Amino acid sequence: MSDSLPVDGIVTFAEGLPGFESQRAFVVVASSEMAPFTILRGVGADGPSFVTIDPRLVDPAYPTTLDRVDLARLKAAGDEPLLWLAIIAAREDGSFTANLRAPVVINPGAMCGIQIVAVESPYRVDHPLPMV
Amino acid sequence: MLVFTRRVDEAIVIGDGIEVKVLRVGRDSVRIGVSAAPDVPVHRREVYDQIRAANAAAAADPAELPALVARLRARVGTSE
């Protein structure tokens, strides 16, 4: 799975993220101490940081296919390994949700990343994460 | 906002090549076609806004991250 996919260095998000359109550079921070969570950190003083998780760890049936627009945005052919990251948010009641509707996808081969804004999706931006 | 009045089959061009064309005009809605380079995403406004709001709610200060990750690891079960 994706946790063996090293991403060293700056990943370029040509369009930033919705809400952070001018944030063009991110790094992925991963370690065995944090696993299965990783951090997507915006480079720079005011860079936003996000805790993320592979959406397939939340729902093993999560589809990781891309349409041709998103493949083009990622400079990907479709057969190379890609990193899928769902952004996690904390709720006020102490629970957590993951944005399975709009995952971040990174192409380590081209060191570029995007957030998918699907026209339709069966998933929610606030998919509840199961608590133990 | 730049405002144009267009008839059916008329279009506007944005930047160096994004074209927005009026395809059909109905009573309550307009059918619009967008032509752009293959790597240009085009979204419905309200979907984009929903993602934007979700990102804003999730964004954290780097200083908050260690505690956040610790809470997640302690309390969240995953399919791993």
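Residues numbered from 1 in each chain as written. Chains lettered and ligands numbered in written order. Predicted model: local features only at pLDDT ≥ 70, side-chain atom pairs only at ≥ 80, totals over all residues. Heavy atoms only, no water.

### Some details on the overall build of chain B
Scanning chain B from terminus to terminus reveals two helices and three strands. Ordering the α and β elements of chain B from the N terminus gives β-β-β-α-α. On C-alpha atoms alone, chain B measures out to a radius of gyration of 21 Å, which is more than a quarter above the 12 Å that the 2.2 N^0.38 rule sets for 80 residues. Across its three principal axes, chain B shows a C-alpha extent of roughly 60 × 30 × 25 Å. (Helix = DSSP H or I, 4+ residues; strand = E, 2+ residues; numbered from the N terminus. Rg over C-alpha atoms; globule rule 2.2 N^0.38 Å.)

### Considering the nonpolar core
Counting residues in each nonpolar core, the largest one holds 30 residues, and the members touching the most others are Val51, Leu66, Ile88, Val105 and Leu129 of chain A together with Leu72 of chain B. The set of elements that each furnish at least two residues to this core consists of β3 (37–42), β4 (49–53), α1 (55–58), β5 (83–90) and β6 (96–98) of chain A together with α2 (65–75) of chain B. Looking at this core, the element that brings in the most residues is α2 of chain B, giving four residues. (Core = buried A, V, L, I, M, F, W, Y, C linked by side-chain atoms within 4.5 Å. Buried < 20%, exposed > 50% of the residue type's maximum accessible area, 1.4 Å probe, protein only.)

### Some thoughts on the domain arrangement of chain B
Here chain B is partitioned into domain 1 (1–42) and domain 2 (43–80). One C-alpha centre belongs to domain 1 of chain B, the other to domain 2 of chain B, and the line joining them spans 34 Å. (Domains from an automatic or database assignment.)

### Details of α2 of chain B
Of all the positions in α2 of chain B, only Leu65, Leu68, Val69 and Leu72 of chain B are classed as buried. Looking straight down α2 of chain B, one finds its buried side chains confined to an arc of 95 degrees; they lie on one side. Facing away from the buried side of α2 of chain B, by more than 90 degrees, are the exposed residues Pro66 and Ala74 of chain B. Contact partners of the buried residues in α2 of chain B: β3, β4, β5 and β6 of chain A. (Arc of directions from axis to C-beta. Contact = heavy atoms within 4.5 Å.)

### Overview of the environment of arginine 124 of chain A
All names here are of chain A. By the secondary structure assignment, arginine 124 is in the loop between β8 (112–115) and β9 (127–128). A sequence separation of eleven residues divides arginine 124 from glycine 113, and the C-alpha atoms of the two residues are 21 Å apart. In this structure, arginine 124 is in contact with Arg91, Ala98, Asn99, Leu100 and Arg101, ignoring residues within four places of it in sequence. Polar side-chain contacts of arginine 124 include one of 2.9 Å to the side chain of aspartate 126. (Polar contact = N/O pair within 3.5 Å; in protein donor to acceptor, adjacent residues only side chain to side chain.)

### Structural notes on unusual backbone geometry
Backbone phi values are negative for most residues with the exception of glycine, while trans is the configuration of most peptide bonds. Cis geometry is found at the peptide bond from alanine 35 of chain A to proline 36 of chain A, where omega equals 5 degrees. Position of proline 36 of chain A among the secondary structure elements: in the loop between β2 (25–29) and β3. For lysine 75 of chain A, which is not a glycine, the phi torsion comes out positive at approximately 55 degrees. Tracing the sequence through the fold places lysine 75 of chain A in the loop between α2 (68–73) and β5. At aspartate 9 of chain B, a residue that is not glycine, the phi angle is positive and equals roughly 75 degrees. Here aspartate 9 of chain B is to be found in the segment before β1 (11–14).

### Details of the pattern of salt bridges
Think of it this way: side chains of opposite charge can pair up when their charged atoms draw near. Following the criterion strictly, the structure yields eight salt bridges over all chains and no others. Residues arginine 73 of chain A and aspartate 70 of chain A are paired through a salt bridge, measuring 2.7 Å at the closest nitrogen-oxygen approach. Of this pair, arginine 73 of chain A and aspartate 70 of chain A both sit in helix α2, three residues apart, roughly one helical turn. Pair check on accessibility: arginine 73 of chain A and aspartate 70 of chain A agree, each one buried. With a shortest N-O distance of 2.7 Å, aspartate 49 of chain B and arginine 45 of chain B are connected by a salt bridge. A residue pair is termed a helical-turn pair when its members lie 3 or 4 positions apart in one helix, as aspartate 49 of chain B and arginine 45 of chain B do in helix α1 (residues 45–58) at four residues. Salt bridges sharing common partners tie together Glu15, Asp70 and Arg73 of chain A. (Salt bridge = Lys/Arg side-chain N within 4 Å of Asp/Glu carboxyl O.)

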